[in-house]
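Observations on the model geometry
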Amino acid sequence: MLYREAGQFKTSYAADQQLFPIRQDRIGLIVLLAIAFLGVPLLASEYWFSAILIPFLIFALAALGLNILTGYAGQLSLGSAAFMAVGAYAAYNFQLRVEGIPILVSFICAGLTAAGVGILFGLPSLRIKGFYLAVATLAAQFFIVWCLTKFPWLSNNSSSGVISTQKLMLFGHELNTPVEKYLLVLSIVVFMALGAKNMVRSTTGRAWMAVRDMDVAASVIGIRLMPTKLLAFAVSSFYCGVAGALYAFCYLGSVEPDGFSLEMSFKILFMIIIGGVGSIMGSFLGAAFILLLPIFLDIALPFFAGLVGLPFSSATVSHIQILVFGALIMFFLIVEPHGLARLWQIAKEKLRLWPFPH
Amino acid sequence: MNFFFEVLIGGLLSGVMYALVALGFVLIYKASGVFNFAQGAMVYLAALSVVGVMEWGAPLWLAVILAFTIMTLFGIATEKFVLRKLVNQPPIALFMATIGLAFFIEGLAPMVFGSEPRALELGIVDEPIPWILDNWNMVISKFDLVAAGVASLLVATLALFFQYTRIGRALRAVADDHQAALSIGIPLQNIWAIVWGVAGFVALVAGMMWGARNGVQFALTFTALKALPVLILGGFTSVPGAIVGGLIIGASEKLAEIYIPPVMQDLFGGNFGGIEGWFPYVLALLFLLVRPEGLFGERHIDRV
Amino acid sequence: MSKKIGDVILDLQNISLRFGGVKALTDISFNVKEHEIRAIIGPNGAGKSSMLNVINGVYHPQEGKIFWHGNERKKMEPHMAAQQNIARTFQNIALFKGMTVLDNIMTGRITKMKANFVEHALWFGRARKEELEHRQKVEEVIDFLEIQHIRKTPVGRLPYGLQKRVELARALAAEPSMLLLDEPMAGMNVEEKQDMCRFILDVNDQFGTTIVLIEHDMGVVMDISDRVVVLDYGKKIGDGVPDEVKNNEDVIKAYLGAGH
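Since the model is a prediction, treat every value here as computed from it, not as a measurement. (Residues numbered from 1 in each chain as written. Chains lettered and ligands numbered in written order. Predicted model: local features only at pLDDT ≥ 70, side-chain atom pairs only at ≥ 80, totals over all residues.)

1. Describing the overall build of chain C
Which entries qualify depends on this criterion: Helix numbers and strand numbers start at the N terminus; a helix is a DSSP run of H or I with at least 4 residues, a strand a run of E with at least 2. In this setup the radius of gyration rests on C-alpha atoms only. A globule is expected at 2.2 Å times the number of residues raised to 0.38. The burial label depends on the number of other C-beta atoms within 10 Å of a residue's C-beta. Counts of 20 or more mean buried, 12 or fewer mean exposed, and intermediate counts mean partly exposed, with C-beta atoms placed from the backbone. Contacts here follow a simple rule: the backbone-placed C-beta atoms of the two residues must lie within 7 Å.
From N to C terminus, chain C includes ten helices and ten strands. In summary, chain C has a C-alpha radius of gyration of 19 Å against a globular reference of 18 Å for 260 residues, a match within 12%. With the principal axes as the frame, chain C shows a C-alpha extent of 65 × 40 × 40 Å. Within chain C, buried positions represent 45% of all 260 residues. Within chain C, contacts between residues separated by at least 24 positions form 68% of all contacts whose residues are at least 6 apart in sequence.

2. Side note on the overall build of chain B
Scanning chain B from N- to C-terminus turns up twelve helices and zero strands. Secondary structure elements of chain B occur, N-terminal to C-terminal, as α-α-α-α-α-α-α-α-α-α-α-α. When each of the 304 residues of chain B is scored for burial, the buried share is 46%. Counted over contacts in chain B with a minimum sequence separation of 6, partners at least 24 positions apart contribute 73%.

3. Some words on the sheet that holds strand β2 (residues 22–33) of chain C
Residue and element names in this part refer to chain C. Keep this limit in mind: Strands pair, by our definition, only if DSSP identifies at least two bridges between them. Lines are fitted to the C-alpha atoms to define the axes, a helix being fitted only along its stretch in contact, and any angle between axes, read from their N-to-C directions, falls within 0 to 180 degrees.
Strand order in the open sheet formed by four strands is β2-β1-β4-β5, with antiparallel pairing between adjacent strands. Every interior strand has two partners, whereas the edge strands, β2 and β5 (71–72), have only one. For strand β4 (residues 63–68) and β5, the ladder comprises two bridges, and the chain directions are antiparallel. Paired with F67 across the bridge in β5 is E72. Helix-sheet contacts for helix α1 (residues 48–55) involve β1 (8–19) and β2, and the interaxial angle to β1 is about 120°.

4. Quick word on the interface of chain B and chain A
Let me state the cut-off plainly: Only Asp, Glu, Lys and Arg are considered charged in this grouping, and only Ala, Val, Leu, Ile, Met, Phe, Trp, Tyr, Cys and Pro are considered nonpolar; every other residue, Gly among them, is considered polar.
Chain B puts 40 residues into the contact, and the matching count from chain A is 33 residues. Tallying contributions element by element places helix α4 (residues 91–113) of chain B first for the side of chain B that touches chain A, with 16 residues. Each residue belonging to the side of chain B that touches chain A can be placed in one class, and the counts come to 29 nonpolar, eight polar and three charged.

5. Points about the interface of chain A and chain C
If you look at the interface, chain A gives 27 residues, while chain C gives 30 residues. If you list the elements that add at least two residues to the side of chain A that touches chain C, you get α1 (13–17), α7 (178–201), α8 (203–213), α9 (215–221) and α10 (225–252) of chain A. Per-element accounting of the side of chain A that touches chain C gives the leading share, eight residues, to α8(A). Of the residues belonging to the side of chain A that touches chain C, the class tally is 14 nonpolar, nine polar and four charged.

6. Observations concerning the packing of α8(A) against α10(A)
Residue and element names in this part refer to chain A. This is how the line gets drawn: By the definition adopted for this analysis, an angle is roughly parallel if under 35 degrees, roughly antiparallel if over 145, roughly perpendicular if from 65 to 115, and oblique otherwise.
Packing of α8 against α10 brings their axes to within 10 Å, and their N-to-C directions diverge by 105°. The orientation of α8 with respect to α10, classified from their angle, is roughly perpendicular. On α10, the residues that touch A207, W208 and V211 of α8 are L225, T228, K229 and A232. In the contact of α8 with α10, the residues fall into five nonpolar, one polar and one charged.

7. Structural notes on the environment of A:E46
Residues and elements named next belong to chain A. If you trace the backbone, E46 turns up in helix α3 (residues 46–72). According to the C-beta neighbour criterion, E46 is exposed, with 11 such atoms within 10 Å. As a C-alpha pair, E46 and T177 span 131 residues in sequence and 8.8 Å in three-dimensional space.

8. Some points on the environment of C:F207
All names here are of chain C. With respect to the helices, strands and loops of the structure, F207 is situated in helix α7 (residues 190–207). Residue classification places F207 among the partly exposed residues on the basis of 15 C-beta atoms within 10 Å. When the C-alpha atoms of F207 and I86 are compared, they prove to be 14 Å apart, with 121 residues separating the residues in sequence.

9. Observations regarding the nonpolar core
Rules: Each nonpolar core comprises buried Ala, Val, Leu, Ile, Met, Phe, Trp, Tyr and Cys residues, the members being joined through C-beta atoms within 7 Å.
One finds A:I329 and B:A47 to be the most contacted residues of the largest nonpolar core, which totals 282 residues. Leaving out residues up to four positions away in the same chain, A:I329 has contacts with A:F270, A:I273, A:I274, B:M96, B:A97, B:I99, B:G100 and B:F103.

10. Describing unusual backbone geometry
Leaving glycine out, the prevailing phi sign among residues is negative, and the prevailing peptide bond configuration is trans. Residues and elements named next belong to chain C. A positive phi is found at H35, a non-glycine position, where the angle reads about 70°. Phi at Y233 takes a positive value of approximately 50°, unusual for a residue other than glycine. Within the fold, Y233 resides in the loop between β9 (227–232) and β10 (235–240). For Y233, a count of 16 C-beta atoms within 10 Å corresponds to the partly exposed category.

11. Considering the pairing of β10(C)
All names here are of chain C. Bridge analysis of β9 against β10 gives five bridges, and the strand direction is antiparallel. Note that in β10 the partner of L231 across the bridge is K236. Hairpin connection from β9 to β10: two residues lie between these consecutive antiparallel strands, with Y233 at a positive phi of about 50°.

12. Digging into the environment of B:A224
Residues and elements named next belong to chain B. Following the sequence through the fold, A224 ends up in helix α10 (residues 222–234). Overall, A224 belongs to the buried group, with 23 C-beta atoms counted inside 10 Å. Contact partners of A224, with chain neighbours within four places excluded, come to V21, F37, Q39, G40 and A41.

13. Here's the deal with the sheet that holds strand β3 (residues 37–41) of chain C
Paired through their backbone hydrogen bonds, the strands of a sheet run either parallel or antiparallel. Residues and elements named next belong to chain C. Pairing in this open sheet of six strands is mixed, and the strands run β6-β7-β8-β3-β9-β10 from one edge to the other. The sheet is open, and its two borders are formed by β6 (86–88) and β10, each paired with just one other strand. Taking each pair of neighbouring strands and ignoring which way they run, the sheet shows an average axis angle of 15°. Both strand β7 (residues 178–182) and strand β8 (residues 210–214) contribute to a ladder of five bridges, which runs parallel.

14. Things to note about the confidence of the model for chain C
Any residue range with low pLDDT should be treated as having predicted coordinates unsuitable for detailed reading. Convention followed: Per-residue confidence from the predictor is reported as pLDDT, which spans 0 to 100.
Taken as a whole, chain C shows an average pLDDT of 86; of its residues, 97% reach a score of 70 or greater. Scored as a complex, the prediction yields pTM 0.87 and ipTM 0.85.

15. Some remarks on helix α4 (residues 80–97) of chain A
Two residues of an α-helix separated by three or four positions point the same way, owing to the 3.6 residues in each turn. Our working definition: Helix span is expected to be 1.5 Å times the residue number reduced by one.
Helix length check: α4(A) (18 residues) gives 26 Å between terminal C-alpha atoms against 26 Å at 1.5 Å per residue, within 8%. Burial runs high along α4(A): 14 of the 18 residues are buried.

16. Overview of the packing of helix α11 (residues 262–275) of chain A against helix α14 (residues 339–353) of chain A
Residues and elements named next belong to chain A. At a minimum axis distance of 3 Å, the contact between α11 and α14 shows a crossing angle of 25°. Considered as vectors, α11 and α14 are oriented roughly parallel to each other. Of the residues in α14, those in contact with I273, I274 and G275 of α11 are G339, L340 and A341. Of the residues that constitute the contact of α11 with α14, the class distribution is four nonpolar, two polar and no charged.

Structure below.
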């Protein structure tokens with residue numbers, strides 16, 4: 001009853017086209033943004049920023065990138081972590097070698113570099129589809145990480161490719177507290193998420209979805225397959241690249257190529273499967289879920305083991321984590337293939353009637 | 001020159017091992033259209049079952065039988081609880097489910113059987129064959145040769161099975177079109193149970209071979225990833241293709257690792273090692289650009 | 001009802017199409033005049049869909065020439081058909097199952113939209129203006145085909161008959177000068193067929209769209225088409241107005257009367 005669209009008539013197409021046509025949604029979003037920008041900095045502890053919120057936003061951004069490529073354009077990719085790596089190393093190199101370059105410009109350039117690499121590895125998608133394309137992206141994953149390790153110039157001649165990021169200077173002020181980093185990451189992610197949402201509901205997004213659903217029909221209508229697919233790779237890699245730069249500069253501070261492993265690519269893929277393939281919100285929900293689950297298990301498992309009296313090693317915890325991930329993936333695919341995003345929509349549907357039964 | 005042959009043959013033999021894993025993929029894909037990403041994890045599970053059961057005191061032959069039972073039961077359970085529920089979804093969903101399955105196995109198996117690397121003694125020693133060593137000065141392992149023999153036997157048997165038996169034909173029908181196969185009375189459930197059983201057996205053989213050679217450890221799961229380029233070259237539905245693909249990948253990987261880095265290091269300096277990690281994939285990628293269906297794969301014509 | 005039928009706009013000469021060893025079309029020549037409704041009929045496997053695919057560039061004939069508005073067409077890519085204002089529907093519905101009806105029809109207007117992806121990301125400005133403009137046009141098509149009530153429904157959930165209508169809407173949204181319809185009435189009941197006939201005639205009447213139509217229902221074909229081409233085993237066996245074709249011996253033997 002609280003959540004109801006009755007009485008909200010749209011009298012123009014413009015009103016119908018809004019991102020959040022239902023008033024309650026708009027209010028909800030404003031409240032959420034207020035909490036994110038104002039409430040959290042006042043209330044959250046340092047641990048929350050550094051260990052939970054910042055990585056959540058960064059991975060949500062990467063998941064967004066992957067969702068654009070795999071969810072909307074239908075091109076399966078197992079190489080998202082490699083594109084994050086490109087972004088991280090590119091940002092580092094731009095900061096290092098271009099005198100006086102602003103940090104935001106470095107991030108943009110990092111994204112563009114990743115986009116370029118993405119287009120390169122996206123070229124096979126013009127001939128290959130489905131699982132075969134997944135293998136091509138695996139090639140990207142392994143090859144890129146190998147390159148970053150083997151070419152010393154990229155990591156300023158450090159021995160195993162490790163780089164330590166430079167300071168974050170924004171308008172002459174150095175950002176070094178977790179709160180400041182959080183706000184920077186939050187602003188960038190919100191801005192890019194908005195951009196993604198706009199792209200996805202416009203002709204760009206429709207062209208991607210058409211190519212995903214039936215590419216022959218799409219080309220007959222006039223959609224050029226090559227530019228559309230390559231654009232998806234470019235935009236997706238741009239998002240992953242920026243996420244990677246943020247990962248290095250605002251989260252870890254120092255990264256190495258092996259840190260952007262196949263495992264991370266799978267993690268991001270799981271985020272979009274669980275969160276909802278082809279959904280912007282799903283990227284956020286999935287990222288939150290995947291990041292919070294290990295923390296939850298870390299706390300809950302020893303507790304349950306204590307209750308039942310079973311011995312528990314840390315190795316077992318990590319095994320259970322992997323097991324639970326696998327089980328959850330299968331569970332979601334069987335029960336709700338559209339992920340948490342759909343569950344959220346269903347919950348909203350129920351809210352229309354609550355507290356009345358029907 | 002002899003060194004070249006040594007590397008080549010070593011590569012071919014390891015390629016046969018890759019082919020063993022790829023075979024499991026081909027079987028399942030042929031019969032159910034599912035690309036089973038969990039095949040590597042299954043190899044790991046099989047190998048772990050053998051050593052795990054042996055650790056509990058059983059002799060080798062009993063361990064193998066028990067492991068086979070475990071694999072078959074596991075396959076049936078997978079089919080019943082996971083795959084059957086996903087029948088209506090696009091193939092990509094099934095593929096992602098097998099990724100989930102892989103993770104599930106990779107978490108469960110070490111929990112049950114322990115995760116420390118263990119050796120698996122099969123009685124065949126990984127030693128150079130004396131008369132080859134003496135006459136041609138090449139190091140060719142007895143073990144690798146036996147593994148190659150076993151794999152070839154397995155492949156030949158499977159190829160015949162698919163081509164000439166009633167069950168084999170039924171499997172091919174199911175792979176083509178589930179609905180149509182159902183409608184002519186092929187019992188889908190039983191067929192899939194059989195397929196996963198056979199795939200489990202192949203995984204067991206592969207697991208024992210790989211485990212004896214490299215030790216039973218977590219790295220076994222990565223063999224699945226290596227099998228992917230094999231499948232691309234050989235085609236996803238061809239049993240002989242898996243062998244040929246395996247041979248090509250095995251040989252080229254070893255040859256590339258030995259011969260390319262020195263050349264590149266002369267040209268560019270720096271340390272060029274570790275090519276093995278990505279070379280098979282890039283090779284497969286280039287191959288795909290020329291021939292998207294693989295050497296033996298079927299040409300897919302979309303009817304508009 | 002007098003309709004002005006114009007000159008020849010599509011001229012197919014000696015078209016031959018092979019797939020490996022299979023000859024789909026052999027030495028076929030016919031033309032299509034502006035504003036007419038041209039039907040292609042024939043038994044299953046005669047090559048009718050292949051013919052349509054040749055016309056809009058999905059298949060490339062090994063032999064023969066195609067003249068569009070008097071100009072010889074070089075090898076064509078499918079998206080060029082859209083640019084040349086040819087739209088089509090498919091035998092097995094080729095809608096984008098993951099999108100709503102509205103979105104599907106909007107894709108029909110894609111060749112007319114000029115904004116690039118950056119403008120789309122920023123939304124306010126040309127992207128938004130275009131979206132609203134074209135939404136207007138699409139709503140006109142939706143009104144015309146009476147599918148307002150399902151515009152936000154995901155296409156995959158619609159019954160077959162409505163999906164066919166949405167596919168027609170998508171083709172119409174492109175404002176084509178020529179419309180290729182591949183068995184638009186397959187699988188429909190009598191009422192749905194009548195509706196579809198009405199729509200096709202209205203399109204031809206109101207917008208002057210030239211229509212090339214594959215259809216099995218002889219009643220429909222004889223009723224609404226101006227001229228008919230008959231194919232059998234990839235060869236042309238009849239060409240003319242419905243009455244002529246109805247009385248053609250070869251056609252009767254192959255298709256209408258005695259079996260093979």
